[in-house]
Amino acid sequence: MIFPEDFVWGAATASYQIEGAVKEDGRGQSIWDTFSHSPGNVANGDTGDMACDHYHRYADDVELMRELRLAAYRFSVAWPRIQPDGSGPANPRGLAFYDRLVDRLLAAEISPYVTLYHWDLPQALQERGGWTDRDTAHRFAEYAAAVYDRLGDRVRHWATLNEPWVSAFLGYGNGVHAPGRRDPGEAMRAAHHLLLGHGLAAARLRELGAPHLMLVVNSAPVLTPAQVNDPSATPGEADAAATERVHALLTGQFLDPVIHGRYPEQVLEAARRNGGTGHIHDGDLEIIATPIDQIGINYYNPCVVEASPGQPADAAWPGSEDVGFRGADAPTTAMGWPIVPDGLSRLLVRLSGDYPGVSFMVTENGAAFDDVVENGRVHDTDRVSYLEGHLREAHRAVEAGVDLRGYLVWSLLDNFEWAEGYSRRFGIVHVDYATQVRVPKDSALWFRDVIVRNGL
Ligand code: PNW
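All figures in this text were calculated on a predicted structure; none of them were measured in a lab. Position numbers for residues count from 1 along each chain, tracking the sequence in the order it is written. Reporting of local features is limited, given that this is a predicted model, to residues whose pLDDT is at least 70; pairs of side-chain atoms are given and counted only at 80 or more, and all residues count toward the totals for whole chains, interfaces and linings. The side-chain values count all of the structure's non-hydrogen atoms but skip hydrogen atoms and water molecules.

Details of the site of the ligand
As a structural note, the neighbourhood of the ligand is formed by 16 residues, with Gln 17, His 118, Glu 364, Glu 417 and Trp 418 the closest of them. Between the ligand and the protein, one listed contact pairs an oxygen atom with a side-chain N or O atom of Glu 417 at 2.6 Å. Computed with a 1.4 Å probe, the accessible areas rest on the Shrake-Rupley method; for each residue, only the protein chains presented here act as cover. Notes on the ligand: free accessible area 460 Å², of which the protein chains cover 84%. Given that more than half its atoms are within 2 Å of the pocket grid, the ligand belongs to the largest pocket. Each residue receives one of three labels: charged for Asp, Glu, Lys and Arg, nonpolar for Ala, Val, Leu, Ile, Met, Phe, Trp, Tyr, Cys and Pro, and polar for the others, Gly being one of them. Class assignment of the residues belonging to the shell around the ligand gives a composition of nine nonpolar, four polar and three charged. Working definition: residue near molecule or strand if any one of its non-hydrogen atoms lies within 4 Å of it. Identification of polar contacts relies on pairs of N or O atoms within 3.5 Å, with a donor-acceptor requirement for protein atoms, meaning one able to donate a hydrogen and the other able to accept it, and with residues adjacent in sequence counted only if both atoms are side-chain atoms. Using protein atoms alone on a 1 Å grid, points that fit a 1.4 Å probe yet trap it form a cavity, whereas open point sets bounded by protein on both sides within 12 Å along at least five of seven lines form a pocket; residues with an atom within 4 Å of a point count as lining. Being in a pocket or cavity means that more than half of the molecule's atoms lie within 2 Å of its grid points.

What to know about the pattern of salt bridges
Salt bridges are defined as contacts in which a side-chain nitrogen from Lys or Arg sits within 4 Å of a carboxyl oxygen from Asp or Glu. Applying the stated criterion to the full structure yields 35 salt bridges. Salt-bridge contacts for Arg 57 lead to Asp 53; the nearest nitrogen and oxygen are separated by 2.9 Å. Relative accessible area serves as the criterion here: at 9%, Asp 53 is assigned to the buried category. Residues participating in the shared-partner salt-bridge network are Asp 371, Asp 380, Arg 383, Asp 414, Arg 425 and Lys 441. Partly exposed residues are those whose accessible area sits between 20% and 50% of the maximum for their type, while under 20% is buried and over 50% is exposed, using a 1.4 Å probe and protein chains only.

Things to note about the pairing of strand β14 (residues 429-432)
Alignment of β14 against strand β15 (residues 437-440), held across four bridges, turns out to be antiparallel. Residue Val 431 lies in a different strand from β15, and its bridge partner there is Arg 438. Here, a strand pair is defined by DSSP locating no fewer than two bridges between the strands. We count a stretch as a helix when DSSP gives it H or I for four or more residues in a row; a strand needs E for two or more, and each element gets its number in order from the N terminus. Connecting β14 to the next strand, β15, in antiparallel fashion are four residues, including Gln 436 with a positive phi near 65°.

A look at helix α3 (residues 54-67)
Between the first and last C-alpha of α3 there are merely 17 Å, a value that for 14 residues lags more than 12% behind the 20 Å anticipated at 1.5 Å per step. In this scheme, the bend at a residue equals the angle between the axes fitted to the seven residues that finish there and the seven that begin there. In α3, a bend of some 40° at Asp 60 exceeds every other bend along the element. For α3, every residue scored as buried is listed here: His 54, Tyr 55, Tyr 58, Asp 61, Val 62, Leu 64 and Met 65. Remark: Arg 69 follows α3 within two positions and exhibits a positive phi of approximately 65°. To estimate how far a helix should reach, multiply one less than its number of residues by 1.5 Å.

Description of the confidence of the model for the protein chain
Confidence of the prediction at every residue is given by pLDDT, a number between 0 and 100. Of all residues in the protein chain, 100% have pLDDT values of 70 or greater, and the mean over the chain is 98. For this predicted complex, the interface score ipTM comes out at 0.87, while the overall pTM is 0.98.

Digging into the layout of surface pockets
When its volume is computed, the largest pocket comes out at roughly 1,000 Å³. Trp 165, Leu 170, Asn 218, Asn 301 and Trp 337 are, among the 39 residues lining the largest pocket, the residues nearest its centre. Elements that contribute at least two residues to the lining of the largest pocket include exactly α8 (164-169), β8 (303-307) and β9 (323-326). Residues belonging to the lining of the largest pocket are distributed by class as follows: 22 nonpolar, 11 polar and six charged. Grid points are joined across faces, edges and corners, and a volume is the space filled by probe spheres set on the points.

Considering the pairing of strand β1 (residues 8-12)
Burial analysis of β1 places five of its five residues in the buried class, which makes it a mostly covered element. A two-sided burial pattern is seen for β1, the buried positions comprising Val 8, Gly 10 and Ala 12 on one face and Trp 9 and Ala 11 on the other. As judged from the three bridges shared by β1 and strand β2 (residues 72-76), these two strands associate in the parallel manner. When the sheet's bridge partners are listed, Ala 11 is paired in β2 with Tyr 73.

Focus: the sheet that holds strand β13 (residues 404-410)
The strand order β1-β2-β3-β4-β5-β7-β10-β13 describes a closed barrel built from eight strands, whose pairing is parallel. The sheet shows a mean angle of 25° between the axes of neighbouring strands, direction not considered. With two bridges connecting them, strand β10 (residues 359-364) and β13 associate as parallel partners. Bridged to Phe 360 within β13 is Leu 404. Any pair of residues with heavy atoms lying within 4.5 Å of one another is described as a contacting pair. As a rule, the C-alpha atoms of each element are fitted with a line to give its axis, helices using only the stretch in contact, and angles between N-to-C directions run from 0 to 180 degrees. In the packing of helix α5 (residues 92-107) onto the sheet, contacts are made with β2 and β3 (111-117), and the angle to β2 comes to roughly 170°. Each of β3, β4 (157-162) and β5 (212-218) is contacted by helix α9 (residues 184-208), which is oriented at about 165° to β4, the strand it contacts most.

As for the sheet that holds strand β6 (residues 222-223)
Strand order in the open sheet formed by three strands is β6-β8-β9, and the pairing between neighbours is mixed. Across the chains shown, the open sheet's two edge strands, defined by having one partner strand only, are β6 and β9. In this structure, β8 lies alongside β9, joined through four bridges in antiparallel fashion. For Val 304, the partnering residue across the bridge sits in β9 and is Arg 326. With respect to the sheet, helix α11 (residues 237-260) is in contact with β6, β8 and β9, its orientation differing from that of β8 by roughly 135°.

Some thoughts on the UniProt feature "active site" (unreviewed entry) in the protein chain
UniProt positions are given in the numbering used here, feature names are shortened, and annotations may be inferred rather than shown by experiment. On the UniProt side, "active site" (unreviewed entry) is annotated at positions that read Glu 163 and Glu 364 here. A maximum C-alpha distance of 10.6 Å among these annotated residues, which run over 202 residues, shows that they cluster at one spot. Lining the largest pocket, from this annotated set, are Glu 163 and Glu 364. One can find Glu 163 in the loop between β4 and α8. Residue classification places Glu 163 among the buried positions, given a relative accessible area of 6%. With sequence-adjacent residues up to four places away left out, Glu 163 is seen in contact with Trp 119, Val 216, Val 217, Asn 218, Asn 298 and Glu 364. For Glu 364, the position within the fold is in strand β10. A distance of 3.0 Å separates polar atoms of two side chains, one belonging to Glu 364 and the other to Arg 74.

This is the structure in structure tokens:
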């Protein structure tokens, strides 16, 4: 199973999950500092204060990537390192860190893929409403331009937002993520302002000459329980409508505006029921639809739903009235997430049909398992089989004609897994947090061989 010649192999991380050094070189506070330091929000009271100490160990980490033969490394820039209070002049010491990182990557012949926003909003902006405030979209575009100004001579691949659905609906809807708000109307507004921020930033970066722009979304095929194991199972009308509605809320809400310049009807209906549509101004959709080159897909598991009359909307899913969210009949990872590899090919085939004219990249895929270190090795056969199963499906999507340009594993390192803290390990490299020693797991060595062979 060989992939196209220029297929890009790599790994991904995010600033707050790995960097640590939260008070260094003028970094301001982010909503994740505030959230993780408030008791009850993160498992075991974990915070990103130290994380993988990548801020100090980045050179060794790049060396590790080189040894694993990665061709691409996707990382995010911490906005509060660049603008400690979310606006105004850029902090040169914050920019200098990413400057050093990019130079190291290029020296190791690894292409940097920069994500501008992976959830660490400056706390000062949250004080003014965060993503519920329209002004945050403009601040984001200003910040994006400052980062581009420093790195744009060397970085070709630019992603605006990581998973705006999670920012809006876990951050402002069910409160599981920072800033921990629980209000469906706020979540709908946040989603629109994230999109507006994406569009304003994309237009700015394009003006400044960015060659390759992408938006990264978390997406999943939305299946009925019967469809999980039998792709040919045809749902009844009510179940089919439930799956299409949830697909619109999860994926159409973001990709329809960005690619087609319009919201799905189900999303407008959800907004009307949760505070109205007054935050969607004339002209916004034109900005949001600024052309991009690529859609990044983060895929972990399918979303399994069925019609369930009388069911109130889930807090993370305004507009999901009368829908029942179900577990899938499949083995699960340590996150409790079902393992359904062919969900990836089903998803890619659907999205490439719905959104023609852009290419695709798997910007995250991976799994948490309860790894154990034995004699300095981690025999994570469960992760190897997870990754192998999903790569087969990525290959199937390519064969089916999807313009898929690459695959990035989540994650390079075990790291701060948001509300789960350090209790969930997604890395292909094990991190001992007490000593910061890195040990490549068997999955890392296996992945290196996949890269060298350009396939399975
Ligand atoms: C993604 N959900 O997060 C993120 O991009 C990563 O930072 C994260 O570590 C990784 O996946 C694993 O969780 C998600 O509840 C977190 O639907 C939660 C959800 C989806 C994605």
